[in-house]
Structure formats: C-alpha cells, structure tokens
Amino acid sequence: MMVLNNCSMDCKGCFYKRTDNNFNDFRGSRNLAEDMQSNGYRLETCYLLPTDIFDNKDNYSLFDNEDFAKTISQFAYLGIASTLEDGFDTRFFDIVYGLNDDIKIELQVNLLVNRLFDINYQMILKHNVNRIKNLYKDRVVINLAINTGFSLDPKEKDKIKSMLKYLSEDGIVELNFTFLYNKDISEEKKQKMMKDSIRIIQDFGDFYQKDESFVTKYNQRTFLRKPSFVFVGEPNTIYVNPIVPFDEYVYIKKDRYVVQTPTYDGFLNSYGKITEINTPVVDACESCENLTHCMGKFYFAISNDFDLGCFLNLKE
Ligand code: SF4
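Residues numbered from 1 in each chain as written. Predicted model: local features only at pLDDT ≥ 70, side-chain atom pairs only at ≥ 80, totals over all residues.

### A short note on the site of the ligand
Taken together, the residues surrounding the ligand are P280, V281, V282, A284, C285, C288, N290, L291, C294, C310 and L312. Considered class by class, the residues forming the shell around the ligand number ten nonpolar, one polar and no charged. (Near = placed C-beta within 6 Å. Nonpolar A, V, L, I, M, F, W, Y, C, P; charged D, E, K, R; others polar.)

### Topic: the environment of D196
By secondary structure assignment, the location of D196 is in helix α6 (residues 187–210). With sequence-adjacent residues up to four places away left out, D196 is seen in contact with T148, G149, F150 and S151. (Helix = DSSP H or I, 4+ residues; strand = E, 2+ residues; numbered from the N terminus. Contact = placed C-beta atoms within 7 Å.)

### As for the sheet that holds strand β1 (residues 45–47)
The pairing of strands in a sheet comes from backbone hydrogen bonds and takes either a parallel or an antiparallel form. Judged by pairing direction, the sheet is parallel, and its five strands sit side by side in the order β1-β2-β3-β4-β5 without closing on themselves. At either margin of the open sheet sits one strand with a lone partner, and together these are β1 and β5 (173–176). Averaged over all adjacent pairs, the angle separating strand axes in this sheet is 35°, with direction ignored. Taken together, the six bridges between strand β3 (residues 104–110) and strand β4 (residues 140–147) define a ladder with parallel strand orientation. Across the sheet, Q108 pairs through a bridge with N143, a residue of β4. (Pairing = 2+ DSSP bridges. Axes fitted to C-alpha atoms, helices over the stretch in contact; angles between N-to-C directions.)

### Some details on helix α1 (residues 26–38)
When the terminal C-alpha atoms of α1 are compared, their 18 Å separation across 13 residues agrees well with the 18 Å that a helix rising 1.5 Å per residue should span. Every buried residue of α1 is listed here: F26, G28, S29, R30, L32 and A33. Close packing links the buried residues of α1 with α2 (66–72), β6 (229–232) and β7 (237–240). One or two positions beyond α1, positive phi appears at G40, with a value near 95°. (Expected span 1.5 Å × (residues − 1). Buried ≥ 20, exposed ≤ 12 C-beta atoms within 10 Å, placed from the backbone.)

### Things to note about the pairing of β3
Of all seven residues making up β3, six are buried, and the element is well covered by its neighbours. At this point the chain moves from strand β2 (residues 77–82), through helix α3 (residues 90–97), to the parallel β3, and the crossover so formed is right-handed. Handedness of the crossover joining β3 and β4 through helix α4 (residues 119–136): right-handed. (Right-handed = clockwise from strand over helix to strand, strands pointing away.)

### Let's talk about α4
Because an α-helix completes one turn every 3.6 residues, residues spaced three or four positions apart along the sequence face the same direction. In a regular helix each residue adds 1.5 Å, so 18 residues correspond to 26 Å; α4 covers 26 Å between its end C-alpha atoms and thus fits that length. Considered for burial, the residues of α4 that qualify are L125, N128, V129 and I132. The arc enclosing the buried residues of α4, seen along the axis, measures out at 100°, which places them on a common side. Turned more than 90 degrees from where α4 packs its buried face, I119, N120, M123, H127 and N134 sit exposed. Here the buried face of α4 lies against β3, β4 and α5 (154–167). At the exit of α4 stands K137, carrying a positive phi of roughly 40°. (Arc of directions from axis to C-beta.)

### Quick look at unusual backbone geometry
With an omega dihedral of 0°, the bond running from L49 to P50 counts as a cis peptide bond. Assignment of secondary structure puts P50 in the loop between β1 and α2. The omega torsion of the bond from E234 to P235 falls at -5°, within 30 degrees of zero and hence cis. As for its position among the elements, P235 is in the loop between β6 and β7. Despite not being glycine, K137 has its phi angle at roughly 40°, a positive value. The topology assignment puts K137 in the loop between α4 and β4.

Written as structure tokens, this is what we have:
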C-alpha cells in the first residue's frame, strides 16, 4: 500500500516518490481483504510503503482511519521498512500491537549499500536489530532488503550474504523494484533495469538454496494461490502483481493488471486478462521442467511485457 510520505534517508537505488503517496480508498482495501478471506484466502502481509516508517511520525495517523485499521488487522503481518539508522519508535509498535493480540510486524531493514563496509554502521544495525528482537520476540520478523536496478560488485554481494546469516531470520534479502514506480524512467530503461534486477535475484536465490543454515526453502507460491496487490493513489488504483522466480512480486503499471473492482471477482477478471499473455516465451519452455512453475507465477506475462526471455539466461 503506497501510503507513506516524506523520507530523509538516502538508500542507494531508491527511485520511489517520497511525497504524494496518497492511496486512500481504505474502504476498497478493506472490502478486497474481506472478500478474499471469504473466498478461502488467508491474508499474510500488508506492507506500508514506500518510505522509512520511523522517519515521519505523521504516517502514524493512518491508523486513525477505521477502514485502514480494519484492513490491516485482518493480516497476520504488517510489513514496514526502515534503515534503522536513527533507531526505531516503540510508539509505532504499540499502535500496531494494539490492533489485536495476534498481529506481528515484518520489518524489512533497508541496507545502506554505500555504507556496507562502515564499521559504525554495522554496529548500529546489529544493536538496533537485537534491541527489537529482545523487545518484541516472536511478534516481529526481521529481514534485510536492498533496492535493485543497479549492479552490486562481488565484495558488496559477499558482504550482504554474510550479513544475512546473522541479521535476517529466514535468510532472505528482499529486493525492491523501486524503479518500476518512477514515471520519469523510460520503458526502455526499465527493461534494462529489470534484466539487471533478475540477475541479482538469481544470485541471491542460488545462495539461498545452497546455504544449509536456512531452514525454510524456496516455496511454490503462484499467482492464483498467493496473489499480491499494490495500492497506488491519484487516482486510487489496485494492481495485481505477477511473480519473478525467485519469488519477487512485480508491479506493472498497465491496464491488464488493474483490479477494476476491489473484490475477489475483480481479481479473477484481471487474472483472466493476464492469462492471455502468460504464454511460453522461448521454444525451450515447452519441454522445460520449470514450465508449470513459470506459468503458475505468471512469469511469462512479466517476460512478455519486459521482453526478458527465459530468466535462467539472465545470469551475472
Ligand atoms: S525456466 Fe525458462 S525455458 Fe523453462 S519454462 Fe521458464 S522461461 Fe521457459
């Protein structure tokens, strides 16, 4: 949900707008949440995006809106992002835990790539992560996140992988496609950035599957079984997101991804429209062992929209 504004952090590769993220049809979001549940879906995480939640306390006033609060309280997790560079705010945790006794917080710690090798930065990060874990125990899950769309050098990648082992609970680094939300970047440039991003995804995906310290393995989420939506404002619009293996949801600002009504049927209608372009992308698909995997995630739709071909060919 693109609802947070004003951010003074300086994360590398951030192309998000930092103001005017004004989705506010919370009656619609609540309705979609309720209708998906009544059709058998369990709601996992609602992310509040795109800026650092603790950097602007005015963001907290969202919770004064009853429909917003009711939307959030139906989810198992509320997802937020922060660099944690300036610490965190216990008041925000109190507000969220006040919604009900079960809701947990998924905190994505946005890594400052420019400061990965700064010892002070590493200490601040570790200190704040440990404090949060000690305070909120099993009601918080902490992951690391970076923006995509630019190259990481081998040393940076190795550093992030080593940080994953002690700072991330499930060995995941979330990859933010912030460039997709920037209307000033040309479609051509987005295609190139998308390819670079998938190269990074492949690299971290391979690492995740190989490293035995991570218990949870690559999951089989599909577009239909585990749909994801993006809510953007001006005008209020809901998009449904296809999935790039290794499991990153992709926002594509095109009509066929728009959920016209905030209902389960609205979701099924866009599902039908996207199915039309979710067709194999290279001859090898027909006999590939990943065929159902790519089709189920609607990766073919992404590939066709961004002219990517097979993602396995996009290696660093
Ligand atoms: S892995 Fe590549 S070849 Fe195989 S189905 Fe997916 S896109 Fe096609």
